[in-house]
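What follows is each chain in one-letter form.
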Amino acid sequence: DAGVIQSPRHEVTEMGQEVTLRCKPISGHDYLFWYRQTMMRGLELLIYFNNNVPIDDSGMPEDRFSAKMPNASFSTLKIQPSEPRDSAVYFCASSFDGTPTYEQYFGPGTRLTVT
Amino acid sequence: QQPVQSPQAVILREGEDAVINCSSSKALYSVHWYRQKHGEAPVFLMILLKGGEQKGHEKISASFNEKKQQSSLYLTASQLSYSGTYFCGTGGAGGTSYGKLTFGQGTILTVHP
């Protein structure tokens, strides 16, 4: 399998612009997670889905952030409008409920820079 | 609340051992350990479940003390490839919340030849 795929890998945008990050989970996985990583706050869970349904979005920082999972093979994280403090690496991860290890497979991440 | 890891950083020579600790102020149901190399994504190491089960697929061991709400990761006979940042994540009570991880701030491990 190709692993979790994220796009773009790097995104530079100006404050106020809309940003959309994309994720394709591993085929057959039924959980999808969005994380944000910064030096100050570390690795934070933003939202996660089970079978395409959002289970917990308590980590989403503000209403400017939204996430969707229209089908089992695609998810988006949108920031509108973006602000400089949103600059971070955003990871998408997926897992399969049937494994005993509950291992989450992380994608390569999207490095977002908001100027 | 974020679990607390100690030490924040450790420097080893190849072949030396290290212990990384993870403490939580909340009851622990599961502890997940990940390693992240610079510029890369975190990679799963192992999970410890309430009740003593330990599941992983690398030659790294760990302990889980429910009473003390602590977990420790043991790296023995370290290799250069062990270098990276180690994160512990505490999971929910079960069901769909097992994967709801709250990560510690990380421990930077550097192994020198």
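Let me sum up the structure you'll find in this document. (Residues numbered from 1 in each chain as written. Chains lettered and ligands numbered in written order. Predicted model: local features only at pLDDT ≥ 70, side-chain atom pairs only at ≥ 80, totals over all residues. Heavy atoms only, no water.)

Before going further, it helps to spend a moment on the packing of aromatic side chains. This model, assessed by the stated rule, comprises 11 aromatic pairs over all chains. Each member of the aromatic cluster is reached from another via a ring pair, and the members are Tyr31, Phe33, Tyr35, Tyr48, Phe91 and Phe106 of chain A together with Tyr34, Phe44, Phe87 and Phe103 of chain B. (Phe/Tyr/Trp six-rings, centres within 6.5 Å; stacked < 30°, edge-to-face > 60°.)

To continue, consider the side chain of Arg36 of chain A. Structurally, the position occupied by Arg36 of chain A is in strand 4 (residues 31-38). For Arg36 of chain A, the residues in contact, after removing those within four places along its chain, are Arg41, Gly42, Leu43, Glu44, Leu46, Pro61, Phe65, Asp86, Ala88, Val89 and Tyr90 of chain A. (Helix = DSSP H or I, 4+ residues; strand = E, 2+ residues; numbered from the N terminus. Contact = heavy atoms within 4.5 Å.)

Here the focus is the environment of Ser81 of chain B. Residue and element names in this part refer to chain B. Along the chain, the position of Ser81 falls in the loop between strand 8 (70-75) and strand 9 (84-91). You can call Ser81 partly exposed: its relative accessible area is 37%. In the structure, Ser81 is positioned 26 residues away from Thr107 in sequence and 15 Å away in space, judged by C-alpha atoms. (Buried < 20%, exposed > 50% of the residue type's maximum accessible area, 1.4 Å probe, protein only.)

Let us look at the interface of chain A and chain B. Bring the parts together and some accessible area is lost; that lost area is often taken as the interface size. At the interface, 21 residues of chain A touch 21 residues of chain B. Contact between chain A and chain B buries roughly 1700 Å² in total, counting both sides, with carbon and sulfur atoms accounting for 60%. Here chain A is connected to chain B by 1 salt bridge. Where Asp56 of chain A meets Lys100 of chain B, a salt bridge forms, and the shortest distance between an N and an O atom there is 2.6 Å. (Buried area = accessible area lost by both parts, 1.4 Å probe. Salt bridge = Lys/Arg side-chain N within 4 Å of Asp/Glu carboxyl O.)

All names here are of chain A. Taken together, 4 strands build an open sheet; the order of strands is 1-3-8-7 and the sheet is antiparallel. Bordering the open sheet on either side are strand 1 (5-7) and strand 7 (65-71), each of which pairs with just one other strand. Ignoring which end each strand starts from, the neighbouring axes of this sheet average 15 degrees apart. (Pairing = 2+ DSSP bridges. Axes fitted to C-alpha atoms, helices over the stretch in contact; angles between N-to-C directions.)

Residues and elements named next belong to chain A. As for its placement among the helices and strands, Asp30 is situated in the loop between strand 3 (19-24) and strand 4. Buried charged residue Asp30 carries no salt bridge. Nearest counter-charge: Lys24, at 15 Å. Among residues more than four places away in sequence, those in contact with Asp30 are Phe49, Asn50, Asn51, Ser95, Phe96 and Asp97. (Lys, Arg positive; Asp, Glu negative; His and termini not counted.)

This paragraph deals with empty space enclosed by the protein. Taken as a whole and assessed by the stated rule, the structure comprises 1 cavity of 30 Å³ or more. One number sums up the size of the largest cavity: a volume of about 80 Å³. As for the largest cavity, its lining consists of Tyr31, Phe33, Ser95, Phe96, Asp97, Tyr102 and Gln104 of chain A together with Gly95, Thr96, Tyr98 and Gly99 of chain B. Of the residues assigned to the lining of the largest cavity, the class counts are 5 nonpolar, 5 polar and 1 charged. (1 Å grid on protein atoms, 1.4 Å probe; cavity = no way out; pocket = protein on both sides within 12 Å on 5 of 7 lines; lining within 4 Å. Points joined across faces, edges and corners; volume = space filled by probe spheres on them. Nonpolar A, V, L, I, M, F, W, Y, C, P; charged D, E, K, R; others polar.)

What follows deals with the pattern of salt bridges. Residue and element names in this part refer to chain A. As enumerated under the stated definition, the model contains 9 salt bridges over all chains in all. Taking the shortest distance from any N to any O, the salt bridge between Arg41 and Glu44 comes out at 2.8 Å. For Arg41, a relative accessible area of 52% corresponds to the exposed category. Residue classification places Glu44 among the buried residues on the basis of a relative accessible area of 15%.

A separate point is the environment of His29 of chain A. Residues and elements named next belong to chain A. Tracing the backbone shows His29 in the loop between strand 3 and strand 4. Sequence-distant contacts of His29, defined by excluding residues within four places in its chain, comprise Ser94, Ser95, Phe96 and Tyr105. In this structure the side chain of His29 is engaged in a polar contact, spanning 3.3 Å, whose partner is the backbone nitrogen of Ser95. (Polar contact = N/O pair within 3.5 Å; in protein donor to acceptor, adjacent residues only side chain to side chain.)

Along any regular strand the residues' side chains alternate between the sheet's two faces. Residues and elements named next belong to chain B. Side chains of strand 3 (residues 18-23) alternate between two faces, with Ala18, Ile20 and Cys22 buried and Val19, Asn21 and Ser23 left unburied. Inspection of the sheet shows strand 1 (residues 4-6) paired to strand 3 by 3 bridges, in the antiparallel sense. Note that in strand 3 the partner of Ser6 across the bridge is Asn21.

Let's shift gears to the state of the cysteines. On inspection of all chains with the given rule, the structure shows 2 disulfides over all chains. Disulfide pairing places Cys23 of chain A opposite Cys92 of chain A at an S-S distance of 1.8 Å. Across the S-S bond linking Cys23 of chain A and Cys92 of chain A, the dihedral sits near -65 degrees, which makes this disulfide left-handed. Taken together, the positions of Cys23 of chain A in strand 3 and Cys92 of chain A in strand 9 (residues 88-95) put the pair 69 residues apart, joining distant regions of the chain. An identical accessibility class is assigned to Cys23 of chain A and Cys92 of chain A; each is buried. Two residues, Cys22 of chain B and Cys88 of chain B, share a disulfide whose sulfurs are 2.0 Å apart. With the S-S dihedral at roughly 75 degrees, the linkage between Cys22 of chain B and Cys88 of chain B falls on the right-handed side. In this pair, Cys22 of chain B is assigned in strand 3 and Cys88 of chain B in strand 9, connecting sequence segments 66 residues apart. Cys22 of chain B sits in the buried class, given a relative accessible area of 2%. (Disulfide = S-S within 2.5 Å.)

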